[in-house]
Amino acid sequence: MGKQENRFDVAAAVQSPNKTQVVEIYVSKGFSGLELTSVTHVLATANTLIGRDLFSWRYSTDSPGLVSSDQGALVRAEPSVIDHRLASMMVVLGGKNAGKGTWLPRARAMQRKARTVDMLSDAATGYIKATKAPAGRVTTHWRDVTPLIETGYHPKLTTHLSECSDGIITAAGAGATLELMVGLLAPHLTSPQVAELGNHL
C-alpha cells in the first residue's frame, strides 16, 4: 500500500485567505478520551487533506500541568485565564468533573467576542444547570436529558445532537463529536474539502 493520494488542489488550498484557526481544548480531570481524540483527529485530518496547518490546538485547564482522562491518557495543559489568549474556537470536553471549573467565565468572554464555544456532554449539562434562561435551545448527552427534565425547569432543552444558543453550542458529544467537528470546521473549508474530510473519518 502506497501513500494515499491527496485529491485536493493543494496550491489553491495554500493560497486560501484563511489564517490559522487556533482551537482551545479545555480539559478537566477525568475528561472524555473519546471526545478528545475525536476533536484532534478531525483537526489533524483536515490539515493533512488541505496540505497545510490551517488548524492548530492547545489544551487548557484550571490547574496547569498533566491532566488525565477517563481512559488514562495524559495531556499537558496550560492555565485557563478568563480573558487571556482567547482562541478562535473553544471546545470544552465532557467528563466526570466537566460541570465545574473556570471554563464558563472564559466561555462568556469568548461569546462577547463572537468566537465559537462548544460544550460537549457533561460540560453541556453543567452549562444548562448554570444558565437558567438560555437565549435559544440547548442540548446534552441523552443520559442527562431525563434527569435535567425531572430536577429542573428547562423548556428549551432538546434531544438533538447539537444546539446553538447565542453563540454557545451545546452538544451530545461522545460518539457524535466527529460529525460536530466537521460542521464547525466547514466554514473554513471548501465544499469539496468538507466532503473529502467526511469520507476520511
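Source: prediction; values computed, not measured.

Caption draft 1: Examining the overall build of the chain more closely. Per the secondary structure count, the chain includes seven helices and 10 strands. Seen through its principal axes, the chain has C-alpha atoms that stretch 55 × 35 × 35 Å. The burial tally for the chain puts 49% of its 201 residues in the buried class. Taking contacts inside the chain between residues at least 6 apart in sequence as the whole, the part at least 24 apart equals 65%. If you sum the accessible surface of the chain, you get close to 10200 Å²; carbon and sulfur atoms cover 54% of it. Of note, the chain has its 20 positive side-chain charges centred 7 Å away from the centre of its 17 negative side-chain charges.

Caption draft 2: Region of interest: the nonpolar core. Of all hydrophobic cores here, the largest spans 30 residues; its most connected members are V27, L93 and L185. Those elements that place two or more of their residues in this core are β1 (21–26), α2 (33–50), β2 (55–61), β4 (74–79), β5 (89–92), β10 (168–171) and α6 (177–185). Take this core: its biggest share by element is seven residues, from α2. Ignoring sequence-local partners within four residues, the contact set of L185 consists of V42, L43, A46, F55, M89 and L197. Residues L104, M110, Y127 and I128 belong to the second largest nonpolar core, which totals 21 residues.

Caption draft 3: Structural view of the pairing of β5. Here β5 shows two buried faces, one formed by M89 and V91 and the other by M90 and V92. Bridge count for β1 against β5 is four bridges, and the pairing is parallel. Of the residues in β5, the one forming a bridge with I25 is V91. Crossover β5 to strand β6 (residues 116–120) through helix α3 (residues 103–112) is right-handed.

About the cut-offs
Residues numbered from 1 in each chain as written. Predicted model: local features only at pLDDT ≥ 70, side-chain atom pairs only at ≥ 80, totals over all residues. Heavy atoms only, no water. Helix = DSSP H or I, 4+ residues; strand = E, 2+ residues; numbered from the N terminus. Buried < 20%, exposed > 50% of the residue type's maximum accessible area, 1.4 Å probe, protein only. Contact = heavy atoms within 4.5 Å. Areas by Shrake-Rupley, 256 points an atom, 1.4 Å probe, with all protein chains shown as cover. Lys, Arg positive; Asp, Glu negative; His and termini not counted. Charge placed at Lys NZ, Arg CZ, Asp CG, Glu CD. Core = buried A, V, L, I, M, F, W, Y, C linked by side-chain atoms within 4.5 Å. Pairing = 2+ DSSP bridges. Right-handed = clockwise from strand over helix to strand, strands pointing away.

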